[in-house]
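Architecture and fold: a report
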Amino acid sequence: MEAFRRRVTRFYLYQACSAFALWIPFWAIWIRGHVASDFEFTLVDVAFWAGLLLFQLPGGVIADRYGRKWSIVAWEGLRCAWILGYGLGTGFWGYVVANVVWSLGAAFSIGTSAYLYEVLLEAGHESEFPRYIGRNTMIQLAMNAAGAFVGGLVVSLTGSIQHTLLIGAAINLGAVTVAASFVEPKVERATEPTWAQQLRQGLRIVRRREGIALLIGIEVFLGVSLYAMAIFRPIYLQFLGLSDLEIATWISGFLFVAAIVSAFAGRISAYLGEFGTLALLVALGTGPFLGLWFLGRPPAAV
């Protein structure tokens, strides 16, 4: 039991290191300032989503065959390269390459929650996964909030957004180090004899299980719409006249509230059910952004 607790605590430490990202409020502002138009800015992001679509299933196959630990190490290592690529990039194609690297790493990130589940499964506590993953989400969001605020302080002191990216890449090496110290869970995984067969099996599961396909569809719908709003949020706040520190403080506060709410998310979801939870997600995702839009309207139009 003591070994189990140590492994879970180490996993939480890893998530804290990974989530302490100084660059969260500023990466979109940084890239937009180095490309020619909003269209190029969105094309840079298209490279990430196209790459993720291409690498997602192969990444899952590799994680199944070679273990969750090394998929997490690969994710965080590629994430360091991506953040550094953003920091050193100066134009459209440099950011496209960085985003392709990011998408490859993100394909391996599926191993993070799977690792926690398998640690619980090995210890016979898999039924408690929702409680542990809820605590993990709270840690992630709280550290995101802390990192965003510290990033604002760094920019206000140095006058350079680039420093948040360069320092952030160095900090993320801590996540790589902690992940490399993980012990691979000793659980059985269903694998096919060849990579091609395992890829086909994954596609068959999605096609045959309507619940999985529906969940993927909802994730895509909500994810794309919320992400499209979120990616322009810092740029929009800058347009409204907020300083770099104010932008960081605003985003930090948003993430901190999300961290608090995540502590109760499991109980809220259990009470509302699947449909109610999805409806709440849509409402909570739409309302605040409509409020931001209202704040940005010219006085004559209000």
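Residues numbered from 1 in each chain as written. Predicted model: local features only at pLDDT ≥ 70, side-chain atom pairs only at ≥ 80, totals over all residues. Heavy atoms only, no water.

Once that is clear, we can look at the pattern of salt bridges. One pass over the structure, following the stated rule, counts 6 salt bridges. Among the ionic pairs, arginine 7 bridges to glutamate 122, the shortest N-O distance being 2.9 Å. A residue pair is termed long-range when its members are at least 10 positions apart, and arginine 7 in helix H1 (residues 2-19) and glutamate 122 in helix H6 (residues 111-123) qualify at 115 residues. The class of arginine 7 is buried, set by a relative accessible area of 18%. With relative accessibility at 33%, the residue glutamate 122 sits in the partly exposed group. Aspartate 38 is the partner of arginine 32 in a salt bridge, and the nearest nitrogen-oxygen pair spans 2.6 Å. Taking relative accessible area as the criterion, arginine 32 reaches 23% and is therefore assigned partly exposed. Looking at aspartate 38, the relative accessible area reads 42%, which means it is partly exposed. (Salt bridge = Lys/Arg side-chain N within 4 Å of Asp/Glu carboxyl O. Helix = DSSP H or I, 4+ residues; strand = E, 2+ residues; numbered from the N terminus. Buried < 20%, exposed > 50% of the residue type's maximum accessible area, 1.4 Å probe, protein only.)

In contact at an axis separation of 8 Å, H1 and helix H8 (residues 162-180) are set at 160° when each is read in the N-to-C sense. One way to sum up the angle between H1 and H8 is to call them roughly antiparallel. Regarding H1 and H8, the two cross each other, and that crossing is left-handed. For the pair H1 and H8, the contacting residues are Arg10, Leu13, Tyr14, Cys17 and Ser18 in the first and Ile171, Asn172, Gly174, Ala175, Val178 and Ala179 in the second. Class assignment of the residues belonging to the contact of H1 with H8 gives a composition of 7 nonpolar, 3 polar and 1 charged. (Axes fitted to C-alpha atoms, helices over the stretch in contact; angles between N-to-C directions. Parallel < 35°, antiparallel > 145°, perpendicular 65-115°, else oblique. Left-handed = near helix turned anticlockwise from the far one by under 90°. Contact = heavy atoms within 4.5 Å. Nonpolar A, V, L, I, M, F, W, Y, C, P; charged D, E, K, R; others polar.)

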